[in-house]
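# Overview (structure and organization)
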Amino acid sequence: QVQLVESGGGLVQPGGSLRLSCAASGRSMFSINAMGWYRQAPGKERELVATVTSGGSTNYADSVKGRFTISRDHAKNTMYLQMNSLKPDDTAVYYCNAKIYFDYWGQGTQVTVSS
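Residues numbered from 1 in each chain as written. Predicted model: local features only at pLDDT ≥ 70, side-chain atom pairs only at ≥ 80, totals over all residues. Heavy atoms only, no water.

## Observations regarding the state of the cysteines
In total, this model carries 1 disulfide according to the counting rule given. There is a disulfide in this structure between Cys 22 and Cys 96, and the S-S distance comes to 1.9 Å. Since a negative S-S torsion denotes a left-handed disulfide, the Cys 22-Cys 96 link at about -75 degrees is left-handed. Residue Cys 22 is found in strand β3 (residues 18-25), and its partner Cys 96 is found in strand β9 (residues 92-100); the two are separated by 74 residues along the sequence. The class for Cys 22 is buried, based on a relative accessible area of 0%. You can call Cys 96 buried: its relative accessible area is 0%. (Disulfide = S-S within 2.5 Å. Helix = DSSP H or I, 4+ residues; strand = E, 2+ residues; numbered from the N terminus. Buried < 20%, exposed > 50% of the residue type's maximum accessible area, 1.4 Å probe, protein only.)

See below:
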């Protein structure tokens, strides 16, 4: 029904910025009610970072509120996560998620924040 591919991860210094992309194929984002970003750090459980609905409503984890921005570009069928003021604790594999009765996941992209 949908395939998700993340990109944009990498190594950045504390205080730096990255923009993650999640390209969806097989289904228009117009028909995906809820999408989001999750992350999983070594030794920790996967946690919700941010969500966005087809109507543009957004929610953020307290740990990233004010620093991260989630958005959807329906023309490009791509979801983004703009990450600013990055901290070492943001280091994790970031996963794109779409909810269409079941959860669909991308392969993940590594974000490492270190000096």
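## Thoughts on the pairing of strand β1 (residues 3-7)
Here β1 shows a clear split, with Leu 4 and Glu 6 buried on one side and none of Gln 3, Val 5 and Ser 7 buried on the other. Relative to β3, β1 is paired through 5 bridges, and the arrangement is antiparallel. Along β3, the bridge assignment pairs Val 5 with Ala 23. (Pairing = 2+ DSSP bridges.)

## Here's the deal with the pattern of salt bridges
In total, this model carries 5 salt bridges according to the counting rule given. Between Asp 90 and Arg 67 there is a salt bridge, with the nearest N and O atoms lying 2.8 Å from each other. With a gap of 23 residues between them, Asp 90 in the loop between β8 (78-83) and β9 and Arg 67 in the loop between β6 (58-60) and β7 (68-73) connect regions that are remote in the sequence. For Asp 90, a relative accessible area of 2% gives the class buried. (Salt bridge = Lys/Arg side-chain N within 4 Å of Asp/Glu carboxyl O.)

## Observations regarding the sheet that holds β8
The 4 strands lie next to each other as β1-β3-β8-β7, forming an open sheet whose pairing is antiparallel. Lying at the two open borders of the sheet, with one neighbouring strand each, are β1 and β7. Across this sheet, the average inter-strand angle for adjacent strands is 15 degrees, counted without regard to direction. (Axes fitted to C-alpha atoms, helices over the stretch in contact; angles between N-to-C directions.)

## Description of the environment of Met 29
With respect to the element layout, Met 29 can be found in the loop between β3 and β4 (34-40). Overall, Met 29 belongs to the buried group, its relative accessible area being 0%. In sequence terms Met 29 and Gln 13 are 16 residues apart; their C-alpha atoms lie 33 Å from each other. In contact with Met 29, not counting residues within four places along its chain, are Cys 22, Ala 24, Met 35, Ser 54, Arg 72, His 74, Asn 77, Thr 78 and Met 79. (Contact = heavy atoms within 4.5 Å.)

## Here we look at the packing of aromatic side chains
Taken as a whole and assessed by the stated rule, the structure comprises 1 aromatic pair. With centroids separated by 5.0 Å and ring planes inclined at 70 degrees, the aromatic side chains of Tyr 38 and Trp 105 adopt a geometry described as edge-to-face. Residue Tyr 38 is found in strand β4, and its partner Trp 105 is found in strand β10 (residues 102-105); the two are separated by 67 residues along the sequence. Assessed through its relative accessible area of 15%, Tyr 38 is described here as buried. The side chain of Arg 46 reaches across the aromatic face of Tyr 95, ending 3.8 Å from its centre. (Phe/Tyr/Trp six-rings, centres within 6.5 Å; stacked < 30°, edge-to-face > 60°. Lys NZ or Arg CZ within 6 Å of the ring centre and 35° of its normal.)

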